[in-house]
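One letter stands for each residue in the lines below.
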Amino acid sequence: MRIGIIGLGSMGQMLVKSFCKSEAIQPENVLVFNRTQAKADKLQAEYGVTVAATAQALCEQAELIFLCTKPLDVLPVLRGLSVAADKHIVSVAAGVSIADVETVHAGPVSKVIPTVTSSELHGVSLLTNSGKVSAEQREHLLTLLSAIGTVQVVTDAEIETATILSSSAPGLIAGILDSFAQAAVRKTPELGIEAARSILVETMLGTALLLKNEQLGFDQLIERVATKGGITEEGLRVLDKTLPGGFDELFAMTSSKHAALKELVQKQVGEHSDEKE
Ligand SMILES: NC(=O)c1ccc[n+]([C@@H]2O[C@H](COP(=O)([O-])OP(=O)(O)OC[C@H]3O[C@@H](n4cnc5c(N)ncnc54)[C@H](OP(=O)(O)O)[C@@H]3O)[C@@H](O)[C@H]2O)c1
């Protein structure tokens with residue numbers, strides 16, 4: 001089975017690299033197309049994937065098609081193509097629903113929210129399928145995504161909040177760690193920012209492995225670290241005071257952004273249905 005990937009930015013490239021690295025699929029069965037061809041050519045040179053001459057040619061040759069453009073490009077790109085109704089389309093765009101894609105494609109549609117960490121074959125891909133996705137198509141997509149990390153099937157009610165936890169989180173965690181490192185250097189300049197960052201990266205890796213491999217709860221790990229009457233307890237008190245408000249605001253603001261994006265996509269859906277009348 002051939003798969004196609006349209007849009008080779010951060011997510012499209014990550015999917016190409018991860019699928020090839022995991023050996024989930026033979027590289028020659030991965031067709032790629034990008035607006036700027038140089039990105040497609042580079043992936044062909046590095047991984048041996050096949051560059052399609054046009055997005056239309058890709059849609060004719062691939063059975064499963066990943067649309068990896070920015071949210072407001074998804075419907076316009078799809079409208080410019082003629083895609084057979086038996087092709088399985090996967091949109092990875094935040095703020096674009098399965099119902100939005102179904103206004104253009106009559107066949108099976110899935111929505112996947114991937115994550116950059118899948119290039120290390122770890123991380124969570126969020127998945128939701130339309131009723132038109134056959135059991136075989138579900139299985140195929142699940143197999144591909146499971147090769148590059150863990151798959152969490154989510155409902156429409158869950159997907160936006162889960163997106164922050166799985167897909168925005170690598171960037172958010174990098175931001176948190178940077179802030180942590182900067183504070184350390186403000187306190188003790190002689191430590192240096194590079195040392196502070198590299199201590200945190202190793203510590204984060206070890207923390208993730210400990211939580212996962214020993215199946216520790218967050219509270220159990222805290223108990224191991226925070227000696228009664230010791231130093232860490234003081235730090236945790238500060239976090240308890242300052243973080244909940246910050247995270248509540250983070251979810252409020254990212255939720256507003258999701259809503260604004262969805263409104264713009266709805267406008268595109270509306271404009272098109274006006275044109276049809
Ligand atoms: N980044 C993430 O961590 C992440 C995670 C989950 C979901 N997503 C979703 O993934 C999608 C892509 O995000 P991204 O971060 O990968 O964006 P990006 O880096 O800006 O990539 C978008 C790509 O789409 C290409 N493109 C635009 N119009 C096209 C067209 N008509 N035909 C073919 N290719 C076209 C662009 O080509 P050029 O090279 O010419 O600019 C670019 O390579 C978004 O919808 C986002 O919501 C992203």
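Residues numbered from 1 in each chain as written. Predicted model: local features only at pLDDT ≥ 70, side-chain atom pairs only at ≥ 80, totals over all residues. Heavy atoms only, no water.

For the protein, an unreviewed UniProt entry supplies the name Pyrroline-5-carboxylate reductase and the organism Brevibacillus agri. You can read under Function (unreviewed entry) in the UniProt record for the protein the words "Catalyzes the reduction of 1-pyrroline-5-carboxylate (PCA) to L-proline." (UniProt positions renumbered as here; feature names shortened; annotations may be inferred.)

J.: Just to check I follow, could you spell out the site of the ligand for this structure?
T.: The immediate surroundings of the ligand are formed by 23 residues, with Met 11, Asn 34, Thr 36, Lys 39 and Thr 69 found nearest. Measuring from an oxygen atom of the ligand, one finds a backbone N or O atom of Gly 9 at 3.1 Å. The contact in question runs from an oxygen atom of the ligand to an N or O atom on the backbone of Thr 69, over 2.8 Å. Protein contacts shield 78% of the accessible area of the ligand, which totals 900 Å² for the unbound molecule. Looking at the shell around the ligand, the elements with two or more residues in it are helix H1 (10-22) and helix H4 (71-79). With three residues, H4 is the single largest residue contributor to the shell around the ligand. In the shell around the ligand, the residues fall into 12 nonpolar, seven polar and four charged. (Near = heavy atom within 4 Å. Polar contact = N/O pair within 3.5 Å; in protein donor to acceptor, adjacent residues only side chain to side chain. Areas by Shrake-Rupley, 256 points an atom, 1.4 Å probe, with all protein chains shown as cover. Helix = DSSP H or I, 4+ residues; strand = E, 2+ residues; numbered from the N terminus. Nonpolar A, V, L, I, M, F, W, Y, C, P; charged D, E, K, R; others polar.)

J.: Sorry, what's going on with the UniProt feature "binding site: NADP(+)" (unreviewed entry) in the protein here?
T.: Under the present numbering, the feature "binding site: NADP(+)" (unreviewed entry) in UniProt falls on Ile 6, Gly 7, Leu 8, Gly 9, Ser 10 and Met 11. If we skip the residues at most four places from it in the chain, Gly 7 touches Gly 12, Phe 33, Asn 34, Cys 68 and Thr 69. With respect to the secondary-structure elements, Ser 10 resides in helix H1. (Contact = heavy atoms within 4.5 Å.)

J.: In this structure, what is going on with H1? I would like to understand it.
T.: A turn of α-helix holds 3.6 residues, and therefore any two residues three or four places apart point the same way. The terminal C-alpha atoms of H1, which comprises 13 residues, lie 18 Å apart, in line with the 18 Å expected from a rise of 1.5 Å per residue. Restricting attention to buried positions, one finds in H1 the residues Met 11, Gly 12, Met 14, Leu 15, Val 16, Ser 18, Phe 19, Cys 20 and Ser 22. Each element contacted by the buried residues of H1 is listed here: strand E1 (3-6), strand E2 (30-33), helix H2 (37-47), strand E4 (64-67) and helix H6 (135-147). Looking at the residues trailing H1, positive phi occurs at Glu 23, about 60°. (Expected span 1.5 Å × (residues − 1). Buried < 20%, exposed > 50% of the residue type's maximum accessible area, 1.4 Å probe, protein only.)

J.: Could you clarify how one ought to interpret the environment of Asp 156 in this entry?
T.: Structurally, the position occupied by Asp 156 is in helix H7 (residues 156-187). Separated by 58 residues in sequence, Asp 156 and Ile 98 place their C-alpha atoms 9.5 Å apart.

J.: How should I be thinking about the confidence of the model for the protein in this particular structure?
T.: Predicted coordinates in regions of low pLDDT should not be interpreted in detail. Per-chain confidence: the protein averages 97 in pLDDT, with 99% of residues scoring 70 or above. If you check the scores for this complex, the pTM reads 0.96 and the ipTM reads 0.99. (pLDDT = per-residue confidence, 0-100.)

J.: How do you make sense of helix H8 (residues 193-213) when you look at a structure like this?
T.: Counted at 1.5 Å a residue, the expected span for H8 with its 21 residues is 30 Å, and the 30 Å between its end C-alpha atoms agrees. Its buried side turned inward, H8 meets H7 and helix H9 (218-225).

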